[in-house]
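So the chains spell out like this:
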Amino acid sequence: CETCSEGEAKYRCPRCMKYSCSLLCVKKHKLALSCNGVRDKTAFVSVNEFTDLNLLSDYRFLEDVGRTADAAARYPTVHSPATKKLLYCLRNKARRCNIDLRTLPVGFTKRKENSTTFNCTEKKFYWHLKLVFPHCHAEYTLKGVPDDKTLADILKPYIDPVESDPVVCQRLKIYTVSPQSDVQILMKVENRKQNSVRYNELDASRTLLDNLKGKVIIEYPTFFVVLKTLKKGMVVLGQDASEPAENSDSESSSLSSMEEGEIRDS
């Protein structure tokens, strides 16, 4: 067992391939590595290690993608000019705020979930937002979050010892008992290779809009609330000496062919 180093290994995590001897060790390794235990169907496999099972997995993955694309093409609103116009306006408003907002085709889960809107009267975004607390394996979805609200105020109902909901506070106890200086808010950097995942550190004292400026967002922001002492495997951009502190211009401005096609259609 790679967790307790005592018991005989009986299980192997489909995602990180760690060996465990019991359910307790499985839970411990998930907490320590922020691992969800779900096999990554798009993980890199070298040619030397490629087997018939990998080929079958890729084939089934492409079949799933094909079915999803076919279902999206049949969805009525995919051809609606009004829908495309609204998405174009939303991306255009975000671009004026120095936010690179990208939307997925109809049929994708994040596209269905996204409820982000822009109020033209108030000239303000109301964001669809997801908060992930990896140390407690908890996720919360927020809707209609105004862009002038600070991240500290957004987190108060969850990790504030006084103002948080008692049920939520109990579930996120590891956060509420920790000093606020140990709490760190991260957002994944898009347009990076899978084997070099990096995160941007956000400022809890600043507004949601200020924190999103200069960032690439696919559909809606997802924030990872972590503790500095328990954060493992989550490298903050710029803290690795082998790379620059910011994304290169080519990386931040590149669009996938699918997204480019969608923008042209709009």
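An unreviewed UniProt entry lists the protein chain under the name Box C/D snoRNA protein 1, from Sula dactylatra. Database annotation for the protein chain, UniProt heading Function (unreviewed entry): "Required for box C/D snoRNAs accumulation involved in snoRNA processing, snoRNA transport to the nucleolus and ribosome biogenesis." Check the Sequence similarities (unreviewed entry) section of the UniProt entry for the protein chain; it says "Belongs to the BCD1 family."

**Details of the packing of aromatic side chains**
A full pass over the atoms with the stated rule returns seven aromatic pairs. The interplanar angle of 35° and the centroid separation of 6.1 Å between the aromatic rings of Phe133 and Tyr158 together place this pair among those described as tilted. Residue Phe133 is found in strand β5 (residues 124-133), and its partner Tyr158 is found in helix α5 (residues 151-159); the two are separated by 25 residues along the sequence. When its relative accessible area of 0% is taken as the criterion, Phe133 is described as buried. Given the relative accessible area of 12%, Tyr158 is considered buried. Centre to centre, the rings of Tyr199 and Phe224 are 5.6 Å apart; their planes meet at 80°, and the pair counts as edge-to-face. Pair noted here: Tyr199 is in strand β8 (residues 199-202) and Phe224 is in strand β10 (residues 222-227), with a separation of 25 residues, a long-range link.

**Details of the nonpolar core**
Within soluble globular proteins, side chains that are nonpolar generally end up buried alongside one another. Of all hydrophobic cores here, the largest spans 33 residues; its most connected members are Leu131, Phe133, Tyr158, Leu172 and Phe223. Filtering out sequence-adjacent residues up to four positions away, Tyr158 remains in contact with Leu131, Phe133, Tyr140, Leu142, Ser164, Val168, Cys169, Leu172 and Thr176. Val132, Phe224, Val226 and Val236 belong to the second largest nonpolar core, which has seven residues in total.

**Overview of the environment of Met187**
You can see Met187 is positioned in strand β7 (residues 183-188). For the pair Met187 and Asn211, spaced 24 residues apart in sequence, the C-alpha separation works out to 9.8 Å. Discounting chain neighbours no more than four positions away, the residues touching Met187 are Arg198, Tyr199, Asn200, Leu202, Leu212, Lys215, Pro221, Thr222 and Phe223.

Quick notes on the rules
Residues numbered from 1 in each chain as written. Predicted model: local features only at pLDDT ≥ 70, side-chain atom pairs only at ≥ 80, totals over all residues. Heavy atoms only, no water. UniProt positions renumbered as here; feature names shortened; annotations may be inferred. Phe/Tyr/Trp six-rings, centres within 6.5 Å; stacked < 30°, edge-to-face > 60°. Helix = DSSP H or I, 4+ residues; strand = E, 2+ residues; numbered from the N terminus. Buried < 20%, exposed > 50% of the residue type's maximum accessible area, 1.4 Å probe, protein only. Core = buried A, V, L, I, M, F, W, Y, C linked by side-chain atoms within 4.5 Å. Contact = heavy atoms within 4.5 Å.

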